[in-house]
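Chain by chain, the residues:
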Amino acid sequence: MKIAVCEGDGIGHEVIPEAAKVLELFLPDADYFDVSLGYDKWKDTGCSCSDEDIGLLKSSDAILFGAVTTPPNQNYRSVLLTVRHELDLYANLRPVIGDSFDIMIVRENTEGLYSGIEEAVAERATTLRVITRNGSERIAKAACTIFAERGDKKPLVIGNKANVLKSDVLFRDTCINVAESLSVPYRTAYIDALTLDVLMHPENYGVIVTTNMFGDILSDACGYLTGGLGMLPSANIGEKYALFEPVHGSAPDIAGKGVANPVATIRSAAMMLEHFGMKKEALITEKCIKKVIISGVCTPDLGGNANTRQFADKIYECIKEKISSDSIKPYNR
Ligand code: NAD
Ligand code: IPM
Ligand code: MN
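Because the structure is predicted, anything quoted here is derived from the model rather than measured. (Residues numbered from 1 in each chain as written. Chains lettered and ligands numbered in written order. Predicted model: local features only at pLDDT ≥ 70, side-chain atom pairs only at ≥ 80, totals over all residues. Heavy atoms only, no water.)

A. Just the side chain of S219, in detail. Residue position: S219 is located in helix α8 (residues 212-221). Note on S219: relative accessible area 1%, which makes it buried. (Helix = DSSP H or I, 4+ residues; strand = E, 2+ residues; numbered from the N terminus. Buried < 20%, exposed > 50% of the residue type's maximum accessible area, 1.4 Å probe, protein only.)

B. Region of interest: empty space enclosed by the protein. This structure, assessed with the given rule, holds 2 cavities of 30 Å³ or more. In this structure, the largest cavity spans a volume of roughly 60 Å³. In terms of lining, the largest cavity is formed by R77, L81, R84, H85, N109, T110, Y114 and N212. With 3 residues, the top contributor of residues to the lining of the largest cavity is helix α4 (residues 79-86). For the lining of the largest cavity, the class distribution of residues is 2 nonpolar, 4 polar and 2 charged. Looking at the lining of the largest cavity, you find at least three residues from each of domain 1 (1-89 + 238-333) and domain 2 (90-230). In this structure, the second largest cavity spans a volume of roughly 30 Å³. Around the second largest cavity, the lining residues are E108, E111, G112, I131, S136, F171, T211 and N212. Considered class by class, the residues forming the lining of the second largest cavity number 2 nonpolar, 4 polar and 2 charged. (1 Å grid on protein atoms, 1.4 Å probe; cavity = no way out; pocket = protein on both sides within 12 Å on 5 of 7 lines; lining within 4 Å. Points joined across faces, edges and corners; volume = space filled by probe spheres on them. Nonpolar A, V, L, I, M, F, W, Y, C, P; charged D, E, K, R; others polar. Domains from an automatic or database assignment.)

C. Structural detail: the site of ligand 1. Around ligand 1, 20 residues are found, and the nearest of them are V68, T70, G249, A251 and D253. At 2.8 Å, a backbone N or O of V68 approaches an oxygen atom of ligand 1. When isolated, ligand 1 has an accessible area of 810 Å², and the protein chains bury 69% of it. Grouping the amino acids of the shell around ligand 1 by side-chain chemistry returns 10 nonpolar, 7 polar and 3 charged. (Near = heavy atom within 4 Å. Polar contact = N/O pair within 3.5 Å; in protein donor to acceptor, adjacent residues only side chain to side chain. Areas by Shrake-Rupley, 256 points an atom, 1.4 Å probe, with all protein chains shown as cover.)

D. Representation of the packing of aromatic side chains within the structure. This structure, assessed with the given rule, holds 3 aromatic pairs. Between Y39 and W42, the ring centres sit 5.7 Å apart and the planes meet at 15°, which makes this aromatic pair stacked. Separated by 3 residues within a single helix, Y39 and W42 lie in helix α2 (residues 39-45), roughly one turn from each other. Under the relative-accessibility criterion, Y39 is labelled buried at 19%. Classification of W42 as partly exposed rests on a relative accessible area of 33%. Relative to Y76, the ring of Y39 has its centre 5.6 Å away and its plane inclined at 85°; by these criteria the two rings are edge-to-face. Note that Y39 is positioned in helix α2 and Y76 in the loop between β3 (62-67) and α4, a separation of 37 residues in sequence. Among the aromatic residues, those joined into a cluster by ring pairs are Y39, W42 and Y76. Over the aromatic face of F214 sits the side chain of R129, whose NZ or CZ is 5.1 Å from the ring centroid. (Phe/Tyr/Trp six-rings, centres within 6.5 Å; stacked < 30°, edge-to-face > 60°. Lys NZ or Arg CZ within 6 Å of the ring centre and 35° of its normal.)

E. Just helix α12 (residues 308-325), in detail. Its 18 residues give α12 an end-to-end C-alpha distance of 26 Å, which sits within 8% of 26 Å, the value for a rise of 1.5 Å per residue. Within the sequence span of α12, burial applies to T308, F311, A312, I315, C318, I319 and I323. Seen from one end, α12 has its buried residues packed into an arc of 140°, which puts them on one side. More than 90 degrees from the buried face of α12, the exposed residues found are R309, E321, S324 and S325. Where α12 is buried, its residues touch α1 (12-26), α10 (263-275) and α11 (279-294). A side-chain oxygen of the first residue of α12 lies 3.1 Å from the backbone nitrogen of R309; this N-cap is N307. (Expected span 1.5 Å × (residues − 1). Arc of directions from axis to C-beta. Contact = heavy atoms within 4.5 Å.)

Have a look at this one:
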């Protein structure tokens with residue numbers, strides 16, 4: 001098993017080592033290798049992610065990814081977008097889970113407003129929002145598969161803005177066709193009103209499928225339900241490759257202070273374990289996260305006064321204890 005580890009920039013350097021330690025507990029024999037990429041690398045070398053880096057990522061069974069800084073500069077394209085594109089990681093799965101709700105946002109991850117087809121001249125800048133039937137079909141199928149696996153009673157929700165955008169008529173109708181062909185109950189909702197309703201009545205939602213940028217905004221907004229961005233994990237899945245990363249970014253405002261919440265990244269590592277079929281291990285990780293937070297040890301964003309290391313250490317110790325008491329054998333792959 002080969003696991004690429006990318007710290008990236010900012011708090012990526014603080015949270016990734018903590019999540020990697022958790023992976024090492026469950027997968028002690030995996031081959032872990034660092035891949036350095038991001039804005040700091042660009043500042044040092046003039047290149048944020050080389051072909052060789054992409055090759056290294058492609059040589060892995062899974063990637064643990066921190067966050068990268070993307071300056072709002074018209075000549076700089078986010079490394080993350082390059083990686084998602086090069087590895088064709090078309091499904092971005094963003095679970096939002098609390099005591100009374102269990103939502104899975106299925107975000108299309110390769111097209112829409114992130115097509116990269118843009119142009120800026122002095123007085124006018126345009127970005128082309130590309131929606132294709134193929135792109136919509138494959139994300140709708142992914143959402144329907146997840147829907148079936150979960151055995152959801154609540155219908156699949158197709159988040160869109162087809163009242164205004166022609167591109168979303170294609171997205172919505174393609175999703176409807178896929179859902180009907182797979183006998184998945186669905187309803188459609190406009191993304192603006194949907195976002196508010198998810199925040200007000202999260203218990204009414206299960207799987208939500210939507211386009212790239214709507215999914216980006218919806219998933220950050222859902223941080224409101226879970227204690228903030230420090231809590232939300234994600235998986236970026238394609239046919240061949242898989243990348244696991246927190247929903248949050250490099251958080252330059254707190255980077256270097258040692259106070260970043262490691263939970264989103266540890267949960268992303270747990271999603272990687274699930275991807276490898278290690279459901280029990282992912283569950284143990286989740287139980288320990290909850291237990292430690294209830295005990296009052298947590299970072300300031302959750303109202304505590306522990307630092308990243310202290311918080312993550314408690315989670316690590318809890319997992320270690322559970323592994324020995326449940327006599328789970330570490331995987332040997
Ligand atoms: P951000 O997610 O980095 O931070 C938003 C706010 O949430 C900040 O106040 C930050 O301190 C807080 N926060 C985020 N993660 C936290 C954690 N683990 N613990 C405690 N607090 C946390 O978003 P931003 O400030 O809009 O973006 C900063 C940079 O990150 C930008 O360059 C942006 O492009 C980039 N970004 C990268 C990714 C990624 O690589 N996956 C995702 C989002 C943003
Ligand atoms: C995310 C981030 C990225 C996105 C940026 C950094 C390119 O916000 O993963 O949510 O917009 O997809
Ligand atoms: Mn985002």
